[in-house]
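# Residue-level structural notes
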Amino acid sequence: MADGVREGSPLPDKTVLTEVVQEPVKIAGASDIDTSSDVPSIPAGPPKPKPKRAPELPIFERKNWLIHLHYVRKEFDTCKSLIKESMAESGGMCEYAVYVQALILRQEGRIQESLELFQTCTLLNPHSADNLKQVARSLFLLARHKAALDVYNEAIKLNERDWEIAHNQGVCNMYLREYDKAKHCLTQALTFKRHEITFLMLGKIYLMEGNINGAIDIYKQAVEYSPENPDMLTTLGLLYMQVTQFQKAFENLGNAMTYDPSHVKAIMAAGSMMQTHGDFDVALNKYRVAAVGTPESPPLWNNIGMAFFGKKKYVAAISCLKRANYLAPFDWKILYNLGLVHLTMQQYASAFHFLSAAINLRPKMSALFSLLAVALSYLEDPDNAKQAYEQAIGLDQKDPNIPLNFAIFLYNKGDKREASSQFREFESRVKAGQMSLDAESQEAATKLATALQVGDSLVWKTQPKPEPQPEAPSDSNANKLPPSYVKEPPVSQKDTGPAEVPPSPAPTPIIPPYDPYEDDRQSRASHRQEAETPTPHPAPNRVMGGLPPLAAMGGMGGKALPALSRTIRQSDIDKLPPPPSTELPPSYDEAIDEHEHPPPSKEKRQMEPAM
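Predicted model only: the values in this text are computed from it and were never measured.

## Comments concerning the overall build of the protein
When helices and strands are counted, the protein shows 29 helices and two strands. Looking at the protein as a whole, 44% of its 611 residues are labelled buried. Pairs at least 24 apart in sequence give 62% of the contacts found in the protein among residues at least 6 apart. Carbon together with sulfur atoms contributes 54% to the accessible area of the protein, which is approximately 35500 Å² in total.

## What to know about the packing of aromatic side chains
A complete count under the given rule lists ten aromatic pairs for this structure. Here the aromatic rings of Tyr99 and Phe118 are separated by 5.6 Å at their centres, their planes lie at 75°, and the arrangement is edge-to-face. With Tyr99 in helix H3 (residues 95-107) and Phe118 in helix H4 (residues 111-124), the pair connects residues that are 19 residues apart, well separated along the chain. Take Tyr99 and Phe118: they sit in the same class, and that class is buried. Here the aromatic rings of Tyr348 and Tyr378 are separated by 4.3 Å at their centres, their planes lie at 15°, and the arrangement is stacked.

## With respect to the environment of Ile197
Within the secondary structure layout, Ile197 lies in helix H9 (residues 196-208). Judged by relative accessible area, which is 37%, Ile197 ranks as partly exposed. A sequence separation of 30 residues divides Ile197 from His167, and the C-alpha atoms of the two residues are 9.0 Å apart. Not counting residues within four places of it along the chain, the set of residues in contact with Ile197 comprises Trp163 and His167.

## A look at the side chain of Gln134
With respect to the helices and strands, the residue Gln134 is situated in helix H5 (residues 129-141). Since its relative accessible area comes to 16%, Gln134 is described here as buried. Those residues in contact with Gln134 that lie beyond four places of it in its chain are Tyr99, Leu103, Arg106 and Phe118.

## Section: the nonpolar core
In terms of nonpolar packing, the biggest core is built from 140 residues, with Ile304, Leu343, Leu368, Phe423 and Leu448 touching the most fellow members. Of the residues forming this core, the biggest block, ten residues, is contributed by helix H19 (residues 366-378). Those residues in contact with Ile304, other than ones at most four positions away along the chain, are Leu284, Tyr287 and Cys320.

## Some remarks on H9
Along its 13 residues, H9 runs 19 Å from first to last C-alpha, staying within 8% of the 18 Å computed at 1.5 Å per residue. Among all positions of H9, only Thr198, Phe199, Met201, Leu202, Gly203, Lys204, Ile205, Tyr206, Leu207 and Met208 are buried. Positive backbone phi, approximately 85°, marks Gly210, located one or two places after H9.

## Topic: the pattern of salt bridges
Following the criterion strictly, the structure yields 14 salt bridges and no others. Between Lys80 and Glu108 there is a salt bridge; the shortest N-O distance is 2.8 Å. With Lys80 in helix H2 (residues 76-90) and Glu108 in the loop between H3 and H4, the pair connects residues that are 28 residues apart, well separated along the chain. Judged by relative accessible area, which is 31%, Lys80 ranks as partly exposed. Looking at Glu108, the relative accessible area reads 37%, which means it is partly exposed. Here Glu154 ties to Lys157 by a salt bridge, and the two come within 3.6 Å at their closest N and O atoms. With a gap of three residues between them, Glu154 and Lys157 both fall in helix H6 (residues 145-158), about one helical turn apart. Taking relative accessible area as the criterion, Glu154 reaches 42% and is therefore assigned partly exposed. One network of salt bridges, in which partners are shared, links Lys80, Glu108, Arg110 and Glu113.

## Brief notes about the packing of helix H7 (residues 163-175) against helix H8 (residues 179-192)
In contact at an axis separation of 8 Å, H7 and H8 are set at 160° when each is read in the N-to-C sense. Classified by the angle between their axes, H7 and H8 sit roughly antiparallel to one another. Viewed along their axes, H7 and H8 form a crossing whose handedness is left-handed. Contact residues: H7 offers Trp163, Ala166, His167, Gln169, Gly170, Asn173 and Met174, while H8 offers Tyr179, Lys181, Ala182, Cys185, Leu186, Ala189 and Phe192. Taken together, the residues that form the contact of H7 with H8 break down as nine nonpolar, four polar and one charged.

## Side note on the packing of H4 against H5
H5 packs onto H4 with a crossing angle of 160° between their chain directions and a minimal axis gap of 9 Å. Classified by the interaxial angle, the pair formed by H4 and H5 is roughly antiparallel. Handedness of the H4/H5 crossing: left-handed. Taken together, the residues of H5 that come into contact with H4 (itself represented by Ile111, Ser114, Leu115, Phe118, Gln119, Cys121 and Thr122) are Asn131, Leu132, Gln134, Val135, Ser138, Leu139 and Leu141. The residue inventory of the contact of H4 with H5, partitioned by class, reads eight nonpolar, six polar and no charged.

## A word on the side chain of Gln169
Tracing the chain through its elements places Gln169 in helix H7. Within the structure, the side chain of Gln169 is placed 2.6 Å from the side chain of Asn153, a separation counted as a polar contact. Beyond its immediate stretch of four places on either side in the chain, Gln169 contacts Leu149, Tyr152, Asn153, Ile156 and Cys185.

## Side note on helix H23 (residues 439-452)
Between the first and last C-alpha of H23 there are 20 Å, a value that for 14 residues agrees with the 20 Å anticipated at 1.5 Å per step. Residues of H23 that are buried include every one of Ser441, Ala444, Ala445, Thr446, Leu448, Ala449, Ala451 and Leu452, and no others.

## Re unusual backbone geometry
With a phi angle near 65°, Ala143 is a residue other than glycine that sits in the positive phi range. Mapped onto the fold, Ala143 is located in the loop between H5 and H6. Backbone geometry places Glu380, a non-glycine residue, at a positive phi of 60°. Take Glu380: it is sitting in the loop between H19 and helix H20 (382-395).

## Some points on the confidence of the model for the protein
Looking at the protein, the pLDDT average stands at 74 and 64% of residues meet or exceed 70. Contacts of residues 527-585 to residues separated by more than four positions or lying in other chains number 127 contacts, the stretch itself having pLDDT below 50.

## Quick look at the environment of Phe308
Locating Phe308 in the fold gives a position in helix H15 (residues 298-310). Judged by relative accessible area, which is 19%, Phe308 ranks as buried. Separated by twelve residues in sequence, Phe308 and Cys320 have C-alpha atoms that sit 8.7 Å apart. Residues contacting Phe308, with those up to four places away along its chain left out, are Leu284, Lys313, Ala316, Ala317 and Cys320.

## A word on the state of the cysteines
Using the criterion set out here, one finds zero disulfides in the structure. Here Cys94 stays unpaired: no disulfide links it, and the sulfur of Cys121, its closest cysteine neighbor, is 9.2 Å away. Sulfur of Cys172: no disulfide; nearest cysteine sulfur belongs to Cys185 and is 9.3 Å away.

How each quantity is defined
- Residues numbered from 1 in each chain as written.
- Predicted model: local features only at pLDDT ≥ 70, side-chain atom pairs only at ≥ 80, totals over all residues.
- Heavy atoms only, no water.
- Helix = DSSP H or I, 4+ residues; strand = E, 2+ residues; numbered from the N terminus.
- Buried < 20%, exposed > 50% of the residue type's maximum accessible area, 1.4 Å probe, protein only.
- Contact = heavy atoms within 4.5 Å.
- Areas by Shrake-Rupley, 256 points an atom, 1.4 Å probe, with all protein chains shown as cover.
- Phe/Tyr/Trp six-rings, centres within 6.5 Å; stacked < 30°, edge-to-face > 60°.
- Core = buried A, V, L, I, M, F, W, Y, C linked by side-chain atoms within 4.5 Å.
- Expected span 1.5 Å × (residues − 1).
- Salt bridge = Lys/Arg side-chain N within 4 Å of Asp/Glu carboxyl O.
- Axes fitted to C-alpha atoms, helices over the stretch in contact; angles between N-to-C directions.
- Parallel < 35°, antiparallel > 145°, perpendicular 65-115°, else oblique.
- Left-handed = near helix turned anticlockwise from the far one by under 90°.
- Nonpolar A, V, L, I, M, F, W, Y, C, P; charged D, E, K, R; others polar.
- Polar contact = N/O pair within 3.5 Å; in protein donor to acceptor, adjacent residues only side chain to side chain.
- pLDDT = per-residue confidence, 0-100.
- Disulfide = S-S within 2.5 Å.

Following this line, the structure appears as structure tokens:
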């Protein structure tokens, strides 16, 4: 058969393939290369150096990075455990661990312990100005200002151009009441670095000295440095309000509200200024905006109450003022306003209550004693009213309204000689020209002069009105409402002849200023010595509002003071129940003996002598 297959033979089941085995190819190695050829060989380079290990930190500083990491994360518990391990390894010689532990203790309020640790850091590294600054800071927090100042003086020797040290020196001198040194240090700090807080502290010192113009200059520089700071703009506007430059005040307050439309201080200051000029509705709209941010602000509710008082809504005024008094029970201005409103509403007992509370807080305010004398006059207590007038005259040597009120009171009581003496005191104060009188006070003085047959010159009518001068910041109020908004209480009077004096101006309410430095002045006043003679207060009729002459509450003739609608009489006292007995109850034996042998009745005791 063709193809080499025999006929009749069986076909194979599968084709058998032959495997071809190839021999491996031999590759010549380096040893087989002919070195005798012309190809040059590459010379071997120098051996590579071994990589250096990272330098090992000293055992004192090994964990400082980890301590710092946990400290900035405010993970104080983990930080304390690491500090403890580091201190155990170093034997208490790790400066950074001790430093961070002192910082943690200060944040926890343990100032004395932090001071001791900072002193330990100073011993470990006496040439570090940071350690000395922290020691001085701890002393400052402990109110040891003299010791803190000494440490700052040592620290500035190590770093002469440190803004922080110079600033803190000025603050310590301010608390030590060395204002000249404080201003020098703060001015020097501003040469090193201009900072907002340094401007604020420097302006605060000028305010504490009573130099408003100097404070205005400082805050002008602060506003130039930070023109978008609403706090500085508001403070500058308030200072302009105190020197009666209302246009500049309104500009700065407007700029403050431009940068922060919800700035509460700026809104309240603008509302107070509008309220001063009699725009009560606009002021109330401003206060409504401020109430959204600070619904529990005592000055806010006080100003709202006085705005209602200006609108002659006395019930609403009392409600707002009592809410302000609830939020700030120790604010004397709120108590003063409450007494004033109650006097206007002829609620003299309530007025006496609030004015007495205000006097306990401000025992050197002549206006409080003058209003208290009016309340006591209507409460039919002439002796205490006279003492209150005398106290008011002794505290204020400028206001002519106080001796005028006192003279009217004495004339009503029938003491013409003493009334003439007080009227001469009134004339002498008017001649001094330190304060001017309004039309109603002049009319009352004219009537009283006619009744007393004195005062022929009538100097108060020809006295020129003095120009307003910038006044130093004090506890008195810089904002007042015009007298035309005060309701005069109706009082029934009897016409007894030409000697009657018509009503003189009623009390004028005040609006307490929104002063951010009042607390510092209060703390400064509390440290004054008791033997110090009281300084005369600023003119109340320009600052606190005109003091209410007594003639506003009653006439000169007939009965001097109208009786109250409900007067306590002897018949009312007789109707009271007897007081409870203080004797001990009888014992059991005494009760049995009294039962067996009862005492004779009242009728028998009265009949026995007749027998």
